[in-house]
Amino acid sequence: MLALLLACAPPSPSEVAVARPPAAPPEAPAVPARVAPPVEPAAPEPIPAPPPRRPLAAADLPTVADLPEPTHANYPALVAAIEAARGTFATGGTHDQARAYLRGAITERIIPAWSGTRWTFYGADLVPSDGGQVACGYWVASVLRDAGLRINRNQVGQQASERILLTVAVPGALRHFGARFADVVTYAEKAGVGLWGVGLANHAGLLWNDGAEVKFCHSDYHGYQGPRCEPASSSAAFRTNYTVIAPLLDDATLDAWFAGRTLVTGVFAD
């Protein structure tokens, strides 16, 4: 059962209190012409296959500390630096090294750079800015795109929450928890440091275990706060009657990142 990403609105009390399968969602609302998402540049030419990968010493690999600080002004340079790092990892380095790098780039640079951008129902800004607007699905899609995954950002941003997960993970990797949001936090605590995509009844975001706490990172509709991370155990937005998660950076996803392979919306092909 799919849950709307674009809805990004508070659930009704009955949705929170009753643990029942969500009704089949309506089609995602059409975006009026006056708030149509920006037109992204044409897709780049296909990326040639990288040369055979070879082991690289840790000292020869990019680090998160090398990335620009997470400010609005630095954002284009930040995205460019992550893409340059992808090129290095495409020729060497292990899955674990790449996973640690991307996790740090997302949580320490990309997410903080979106601070100050506000949530609105149809917000579709491509980059963070003061006074900017971004809905939950478009924000998650932007994070994936700016981490170097080849996706159609506007298309992914308009999908149901489970379909956004299926863009970056095989169906067997998805774990459904229904209304048992506390069990999700327990699961992430036991799993250890990691990053997952999250689909909720009317919302979407990322789940991040930083080794000390499990956080829900999302474009928060409460008070129109926009992108931020907060403790998942106390997040009001995290409490719905439908929860599904999937690892964001498993080996198959990293192989697609290494190769610069375009991911099909809602259908991950490893």
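Each remark here, short or long, concerns the structure printed above.
What counts as what
Residues numbered from 1 in each chain as written. Predicted model: local features only at pLDDT ≥ 70, side-chain atom pairs only at ≥ 80, totals over all residues. Heavy atoms only, no water. 1 Å grid on protein atoms, 1.4 Å probe; cavity = no way out; pocket = protein on both sides within 12 Å on 5 of 7 lines; lining within 4 Å. Points joined across faces, edges and corners; volume = space filled by probe spheres on them. Helix = DSSP H or I, 4+ residues; strand = E, 2+ residues; numbered from the N terminus. Nonpolar A, V, L, I, M, F, W, Y, C, P; charged D, E, K, R; others polar. Buried < 20%, exposed > 50% of the residue type's maximum accessible area, 1.4 Å probe, protein only. Pairing = 2+ DSSP bridges.

S.K.: Describe empty space enclosed by the protein, and please don't skip the residues or the numbers.
M.R.: Applying the stated criterion across every chain yields a total of 1 cavity of 30 Å³ or more. Considering the residues around the largest cavity, the lining is formed by Val 140, Leu 144, Ile 164, Leu 165, Val 168, Gly 197, Gly 205, Leu 206 and Leu 248. Mapped onto the lining of the largest cavity, the elements with two or more residues apiece are helix 4 (136-146), helix 6 (161-168) and strand 3 (204-209). If you tally residues by element for the lining of the largest cavity, the top one is helix 6, at 3 residues. When its residues are assigned to classes, the lining of the largest cavity shows 7 nonpolar, 2 polar and no charged.

S.K.: I'd love a proper account of the pairing of strand 3, names of residues and values included.
M.R.: With 6 of 6 residues buried, strand 3 lies mostly within the body of the structure. As judged from the 6 bridges shared by strand 2 (residues 194-200) and strand 3, these two strands associate in the antiparallel manner. Within strand 3, the residue paired with Gly 199 across the bridge is Ala 204. Count of turn residues in the strand 2/strand 3 antiparallel hairpin: 3 residues. Between strand 3 and strand 4 (residues 214-220), which follow one another and run antiparallel, lie 4 residues, and Gly 211 among them has a positive phi close to 100°.

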